[in-house]
Amino acid sequence: TKVFSGTMIDPEGRPLKGAYIVGLQPVIEGFGRPEPRSTSRFHLGGLDKRARPILFWHEERKLAKLVKVNQSLKEPFKVKLESLGTVTGRVLTDKRPRANVTVTALLRRDYRRFGIGKDAPFDLLIRTDELGRVKLTGLIPGLRYDLTWGQSGPLYGAGERGIVLTSNRPKSLGDLSTGKP
């Protein structure tokens with residue numbers, strides 16, 4: 001099979017080393033977290049007709065990019081990493097702000113079969129402030145998240161499914177109702 005070569009670049013177009021590449025290998029139980037790349041160059045092989053998600057992620061610089069690749073990839077292949085996304089909102093019960101409510105962003109399970117989200121911190125959990133406000137930062141642009149909120153735990157509250165963020169565009173969910181006092 002053909003091996004494709006590529007380069008990771010930062011938002012300014014400069015080569016970017018120190019990033020992780022997740023999704024290159026099938027998920028192997030017991031396989032640890034990937035190592036950051038010592039160079040901006042990378043190689044992709046074993047691609048077929050089906051689109052496969054590959055995540056390029058720089059933890060320290062808070063940059064990422066999800067790309068879907070297959071055997072029709074064109075070279076030279078450059079991946080421009082972007083700033084991580086942000087979701088904001090305000091949790092209300094009976095139109096009154098609720099403090100200390102758990103809000104969770106969970107990465108959709110369909111990415112995990114490619115190893116994305118298996119050994120990296122892509123799920124977020126935070127509590128609302130005294131005015132019911134929440135700001136989740138560090139979400140990967142292009143990935144789908146399920147958001148939940150409520151006081152009975154992150155998996156049992158109200159929610160919004162399949163949220164996809166774009167870089168440098170905070171997404172406001174506005175007022176979020178818990179649906180119960």
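Here we look at the sheet that holds strand E5 (residues 63–69)
Working step 1: In spatial order, the strands read E2-E4-E5-E7; together these 4 strands make up an open sheet with antiparallel pairing. The open sheet has two edge strands with one neighbour each: strand E2 (20–22) and strand E7 (82–83).
Working step 2: Where E5 and E7 come together, 2 bridges link them in antiparallel fashion. Bridge pairing links Leu-63 to Ser-83 in E7.

Describing unusual backbone geometry
Working step 1: One non-glycine residue with positive phi stands out, namely Lys-62, at about 55 degrees.
Working step 2: When you line up the elements, Lys-62 lands in the loop between strand E4 (52–58) and E5.
Working step 3: Classification of Lys-62 by relative accessible area gives exposed; the value is 54%.
Working step 4: Phi is positive for Asp-94, close to 50 degrees, though the residue is something other than glycine.
Working step 5: Structurally, the position occupied by Asp-94 is in the loop between strand E8 (85–93) and strand E9 (96–97).
Working step 6: Since its relative accessible area comes to 60%, Asp-94 is described here as exposed.

Here's the deal with the pattern of salt bridges
Working step 1: One pass over the structure, following the stated rule, counts 7 salt bridges.
Working step 2: Linking Glu-12 and Arg-14 is a salt bridge whose minimum nitrogen-to-oxygen distance equals 3.3 Å.
Working step 3: A relative accessible area of 47% places Arg-14 in the partly exposed class.
Working step 4: With a closest N to O distance of 2.9 Å, Asp-129 and Arg-133 form a salt bridge.
Working step 5: Via salt bridges that share partners, Asp-10, Glu-12, Arg-14 and Arg-61 belong to a single interconnected network.

Rules behind the numbers
Residues numbered from 1 in each chain as written. Predicted model: local features only at pLDDT ≥ 70, side-chain atom pairs only at ≥ 80, totals over all residues. Heavy atoms only, no water. Pairing = 2+ DSSP bridges. Helix = DSSP H or I, 4+ residues; strand = E, 2+ residues; numbered from the N terminus. Buried < 20%, exposed > 50% of the residue type's maximum accessible area, 1.4 Å probe, protein only. Salt bridge = Lys/Arg side-chain N within 4 Å of Asp/Glu carboxyl O.

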